[in-house]
Amino acid sequence: GGSRGNSGASGYGAVIEDAKGRVVAELNGFLGIRTNNYAEYSGLLAVLKWANENGTKSLRVVSDSELMVKQMQGKYKVASPILRPLFEEARKLSRNIPSFEIRHTLRGGNKQADRLANEAMDKGMRQHRPG
């Protein structure tokens with residue numbers, strides 16, 4: 001997830017791979033004017049919903065959002081009243097997956113997802129220009 005400005009035009013992107021590293025889904029969406037953290041949680045929720053709808057039994061999420069990862073791991077509290085409902089929904093959906101793991105990577109570790117988030121922001125900004 002990302003935003004251009006904080007808050008700014010935001011979007012998320014996610015790449016879902018099977019156990020052999022083959023891409024099985026690419027998800028992205030424009031979110032309007034939101035914060036970067038909101039966009040990160042929106043990407044996580046999109047992946048968790050996809051996983052639940054597709055009967056996924058094992059899921060490892062790799063994100064460049066250290067804040068979100070540590071909140072999901074229970075290491076940081078979620079103080080934001082805007083993020084709290086997203087966090088709670090993510091926790092609920094993750095509990096439906098028998099083997100769920102979330103870990104942090106540096107930004108270069110998820111270039112495909114970053115590309116998808118930027119595509120969503122570009123498309124959304126073109127479609128939502130005034131006039």
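Look up a bit, the structure's there.
Bear in mind the structure is a predicted one, so any value in this text is a computation, not a measurement.

About the cut-offs
- Residues numbered from 1 in each chain as written.
- Predicted model: local features only at pLDDT ≥ 70, side-chain atom pairs only at ≥ 80, totals over all residues.
- Heavy atoms only, no water.
- Pairing = 2+ DSSP bridges.
- Helix = DSSP H or I, 4+ residues; strand = E, 2+ residues; numbered from the N terminus.
- Axes fitted to C-alpha atoms, helices over the stretch in contact; angles between N-to-C directions.
- Contact = heavy atoms within 4.5 Å.
- Core = buried A, V, L, I, M, F, W, Y, C linked by side-chain atoms within 4.5 Å.
- Buried < 20%, exposed > 50% of the residue type's maximum accessible area, 1.4 Å probe, protein only.
- Phe/Tyr/Trp six-rings, centres within 6.5 Å; stacked < 30°, edge-to-face > 60°.
- Lys NZ or Arg CZ within 6 Å of the ring centre and 35° of its normal.

Some words on the sheet that holds strand E2 (residues 8-17)
The sheet built from 3 strands is open, its strands ordered E1-E2-E3 with antiparallel pairing. Each edge of the open sheet is held by one strand with a lone partner, namely strand E1 (2-5) and strand E3 (23-34). Here the strands of the sheet are splayed against their neighbours by 15° on average, with no regard to which way each runs. Note: E2 against E3, 10 bridges, orientation antiparallel. Of the residues in E3, the one forming a bridge with Gly13 is Asn28. Against the sheet, helix H1 (residues 36-53) engages E1, E2 and E3, with an angle of about 145° to E3. Packed on one face of the sheet, helix H4 (residues 111-127) meets E1, E2 and E3 and runs near 140° to E2.

Concerning the nonpolar core
As a rule of thumb, soluble globular proteins bury nonpolar side chains together. In this structure, Leu27, Tyr41, Leu44 and Met72 are the most contacted members of the largest nonpolar core, which totals 26 residues. For this core, the elements supplying multiple residues, two or more each, are E2, E3, H1, strand E4 (58-63), helix H2 (66-72) and helix H3 (84-94). Ranked by the residues each element gives to this core, the list is headed by H1, at 8 residues. Apart from the residues lying within four places of it in its own chain, the contact partners of Leu27 are Tyr12, Gly13, Ala14, Ile16, Ala46, Val47, Trp50 and Leu116.

With respect to the packing of aromatic side chains
Taken as a whole, this structure holds 0 aromatic pairs when the rule is applied. Across from the ring centre of Tyr38, 4.1 Å away, lies the NZ or CZ of Arg34, which sits over that ring.

These figures capture arrangement, not role.
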